[in-house]
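Residue strings, one per chain:
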Amino acid sequence: MARKSLIARNQKRIQLAQKYAKKRAQLKAAGDWEGLQKLPKNASPVRIRNRCFITGRSRGYIRAFGLSRICVREQAQKGYIPGLKKSSW
């Protein structure tokens, strides 16, 4: 489980990026790079970190499921992800 502060910080970045998305697009289209510099750093979507929906783990993130590799395996074994099962031979 990731620290609560890291998860909260990432949520704050997501909200800021959504808030300033329209303004960033306008400034980029106009070529106003000084205006972009004045926006908050965390308003940039590049600063958002992909995290597991369940645990908040940032490493081993599988984008298709929104989960870490560990959670994908656990959920697949329990049968919670349709069409996915652990292979064995």
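Here we summarise the structure given alongside this text.

Core analysis: the largest hydrophobic core is formed by six residues, namely Leu 16, Tyr 20, Leu 27, Leu 36, Leu 39 and Ala 43. The element that contributes the greatest number of residues to this core is helix α1 (residues 4-30), accounting for three residues. Residues Cys 52, Leu 67, Val 72 and Ile 81 belong to the second largest nonpolar core, which totals five residues.

Looking now at the state of the cysteines. Put plainly, two cysteines are in a disulfide when a covalent bond ties their sulfur atoms together. Tallying each qualifying case throughout the model produces zero disulfides. Left without a disulfide partner, Cys 52 is nearest to the cysteine sulfur of Cys 71, which lies 3.7 Å away. Assessed through its relative accessible area of 3%, Cys 71 is described here as buried.

On to α1. Taking 1.5 Å of rise per residue, the 27 residues of α1 would be expected to cover 39 Å, and the 38 Å separating its terminal C-alpha atoms lies within 8% of that figure. Its axis deflected by about 50 degrees at Ala 21, α1 carries its strongest bend there. Of the positions making up α1, those classed as buried are Asn 10, Arg 13, Leu 16, Ala 17, Tyr 20, Arg 24 and Leu 27. Those residues of α1 that are buried are in contact with α2 (33-38). One or two positions beyond α1, positive phi appears at Gly 31, with a value near 75 degrees.

Parameters and conventions
- Residues numbered from 1 in each chain as written.
- Predicted model: local features only at pLDDT ≥ 70, side-chain atom pairs only at ≥ 80, totals over all residues.
- Heavy atoms only, no water.
- Core = buried A, V, L, I, M, F, W, Y, C linked by side-chain atoms within 4.5 Å.
- Buried < 20%, exposed > 50% of the residue type's maximum accessible area, 1.4 Å probe, protein only.
- Helix = DSSP H or I, 4+ residues; strand = E, 2+ residues; numbered from the N terminus.
- Disulfide = S-S within 2.5 Å.
- Expected span 1.5 Å × (residues − 1).
- Bend = angle between axes of the 7 residues up to and from the residue.
- Contact = heavy atoms within 4.5 Å.

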